[in-house]
Amino acid sequence: MSVGVLAPGLLVATLLLFIVIASVLVSNLVRLRESFSWVQHTNDVISAVAGIQQAVLEAESNERAFLLTGIDAYAADFGRTRDQLVSRFESLRALVSDNGDQVASVDALRAVAVMRITQMQAAVDLGPAKLPQALDILEQTRIEPLTERIETMLSTMMRGEQARLMQRQSQLDSETFNAALITACLLILAVAGAAITAFLLEHQRALSRERESDLRLQRLQAELLRVARLGTMGGMTSALAHELNQPLAAVTNYLRGSRRMLDQSSHPEAAKIGSALDKAAQQALRAGAVIQRLRDFVGRGETERTPESLRAIVDDALALASVISRDRPVEVTRNLDPTVDLVMVDKVQLQQVFLNLIRNAFEAMRDQSERKLFVGSGPLEADMVEVVIADCGPGLDASIAERIFQPFSTTKAEGMGVGLSISQTIVQAHGGSIRTEPNPGGGTIFRFTLPLAEAMQYRHGPHWPARTEALTG
Ligand code: ADP
């Protein structure tokens, strides 16, 4: 299954997973909030218990200080601490109101604390003036140690709350860790989702680009086919005319000779035969003229020359040729000199030349395991560029190597043998020339020249491949 088909499914799965994990995160956050408020609540209870502990101790020390010094400020402080103790018990009770056991403990604690406060209040009321009676009360607290009982009860409560706090704290920690983990998962999923989306968009773009270039290739192919057909017809007509001219000239010569022989004879029908021979000669001449006109017409072929990019023409031809030989891909190396890129040519005709040469090279290498093509260009003279197309095929067949540019020379069963002759006609019509040479590493090199759109300073480019260099190795 291709990635393009797999990716949308993967994206949907990622989104679904994202939604599921996001809802898990939401419920985890709700629990986290609850745990947090429980921890907060336990902390509140602990500080309320500590506050009560503090207030009991303060009340006791104020009571004693007043009895020992008689300073009223201590009595006033005692009264304030006592009132505070009452309100602290109220708030502690309110805090634990949802837990029956805790309410019971607070009530028990409050009862003992009230007893102790009442004792202290009685001693404070007696004051230093009645110190002996007050000391009796203090003595009584030694026998019945209410403060210690309060302390023990408070410590028990404190320990219970602290254990609860630890438990809630560890729950909070594990929920926080879970939330972090889930958030990380969500982030990873979001990144994965974004990556898949980006991939899909790019894939879509690549598909439409491919479709566009396929369309362009199809159009180009159709146009080239049309031109090729015209060119083939032209080439065939021209070759036929050339072939027919000689027999026609021979016919005319024979007719003329026959006429001369007739003139010297005394044949009774000489006049009649002579006129028939004249007419036949006239018709042969007419046929010759018709053929000449046909050659002129085909040979004239109007061209439209504009400055064109050699690289673009090569790219188009390579794209077309690779479509034709898709099943046998060829490794192509391009070395096109950008300083001699603009040529003054008829673009479609030049595409035809490149396509002919490249297709021939591809076909020559078809049955080989190694298929390499080199396409290069370099400056030749001030106003010309030389193009090289080299393959590593079997090389030219010796039987036709000499007449390769002549029409109807082919070694292929299905071949017409006009591609190279048309290519030569086109190159020559542009003021250039074309030739072949063996590729030193094996294969064939085609070299042809074209006019530059703008003349340039001639350079001996060291980068330009030497003539003896193997161009495809
Ligand atoms: P066709 O391809 O129809 O045969 P062409 O005029 O294009 O006509 O080619 C003529 C002949 O030249 C081919 O049949 C082939 O034998 C030979 N030829 C052309 N290019 C190459 C090449 N690159 N390698 C080997 N032989 C080639």
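Bear in mind the structure is a predicted one, so any value in this text is a computation, not a measurement.

Caption draft 1: Broad picture of the environment of Ile273. Turning to its location among the elements, Ile273 is positioned in helix α6 (residues 270-300). With 65 residues separating them in the primary sequence, Ile273 and Pro338 have C-alpha atoms 71 Å apart. Other than its neighbours up to four places away in sequence, Ile273 contacts Leu262 and His267.

Caption draft 2: Geometry of the confidence of the model for the chain. Across the chain, the average pLDDT comes to 85, with 91% of residues at or above 70. When the criterion is pLDDT under 50, residues 457-468 qualifies, and its contacts beyond four places in sequence or with other chains add up to 25 contacts.

Caption draft 3: Inspection of the sheet that holds strand β5 (residues 384-391) at higher detail. Here we have five strands laid out as an open sheet, ordered β2-β4-β5-β7-β6, and mixed in their pairing. Sheet topology places β2 (331-336) and β6 (434-438) at the edges, where each strand pairs with a single neighbour. Between one strand axis and the next, the sheet turns through 20 degrees on average, direction left out of account. Looking at chain direction, β5 and strand β7 (residues 444-451) are connected through seven bridges and run antiparallel. Across the sheet, residue Ile389 finds its bridge partner in β7, namely Phe446.

Caption draft 4: How the structure looks around helix α8 (residues 347-365). Over its 19 residues, α8 extends 27 Å from the first C-alpha to the last, a length consistent with the 27 Å expected when each residue adds 1.5 Å. Extensive coverage of α8 is indicated by the burial of 14 of its 19 residues.

Caption draft 5: Examining the site of the ligand more closely. In the region of the ligand, 20 residues are neighbours, and Asp391, Thr410, Thr411, Lys412 and Leu420 sit closest. Note that an oxygen atom of the ligand is positioned 2.7 Å from one of the side-chain N or O atoms of Lys412. At a separation of 3.2 Å, an oxygen atom of the ligand approaches a polar backbone atom of Gly419. Its free accessible area being 540 Å², the ligand has 91% of it covered by the protein chains.

Caption draft 6: Broad picture of the UniProt feature "transmembrane region" (unreviewed entry) in the chain. Per the UniProt record, "transmembrane region" (unreviewed entry) is found at residues 177-201. End C-alpha atoms of residues 177-201 are separated by 36 Å, and the span's content is 100% helix alongside 0% strand.

Caption draft 7: Expanded view of the pattern of salt bridges. Applying the stated criterion across every chain, the model contains 23 salt bridges. Here Glu63 ties to Arg116 by a salt bridge, and the two come within 3.8 Å at their closest N and O atoms. Residue Glu63 is found in helix α1 (residues 3-69), and its partner Arg116 is found in helix α3 (residues 100-126); the two are separated by 53 residues along the sequence. Overall, Arg116 belongs to the buried group, its relative accessible area being 1%. Residue Arg209 pairs with Glu202 through a salt bridge whose shortest N-O separation is 3.1 Å. Of the residues examined, Arg209 reaches a relative accessible area of 45% and is grouped as partly exposed. Each of Glu90, Arg93, Asp107 and Arg110 takes part in salt bridges that share partners, so that together they form one network.

Conventions adopted
Going along each chain's sequence as written, the residues are numbered from 1 onward. The predicted nature of this model means local features are confined to residues of pLDDT at least 70 and side-chain atom pairs, given and counted, to a pLDDT of 80 or more, with totals for whole chains, interfaces and linings taken over all residues. Side-chain numbers come from the whole structure's heavy atoms, not from hydrogens or water. Helix numbers and strand numbers start at the N terminus; a helix is a DSSP run of H or I with at least 4 residues, a strand a run of E with at least 2. For this analysis, residues touch if any pair of their heavy atoms sits within 4.5 Å. Each residue gets a pLDDT score, which is the predictor's confidence in that residue and runs from 0 to 100. At least two bridges found by DSSP between two strands is the condition for calling them paired. Helix axes use the C-alpha atoms of the stretch in contact, all axes being lines fitted to C-alpha atoms, and the angles between their N-to-C directions lie in the range 0 to 180 degrees. By this rule the span expected of a helix is its residue count minus one, scaled by 1.5 Å. Burial classes follow relative accessibility: with a 1.4 Å probe on protein chains only, a residue under 20% of its type's maximum area counts as buried, one over 50% as exposed, and anything between as partly exposed. Working definition: residue near molecule or strand if any one of its non-hydrogen atoms lies within 4 Å of it. Two N or O atoms count as a polar contact when they lie within 3.5 Å, although within protein this holds only if one can serve as hydrogen donor and the other as acceptor, and sequence-adjacent residues are included solely when both atoms are side-chain atoms. The Shrake-Rupley method, run with a 1.4 Å probe, gives the accessible areas here. Residue values count only the displayed protein chains as cover. UniProt positions are given in the numbering used here, feature names are shortened, and annotations may be inferred rather than shown by experiment. We define a salt bridge as a side-chain nitrogen of Lys or Arg found within 4 Å of a carboxyl oxygen belonging to Asp or Glu.

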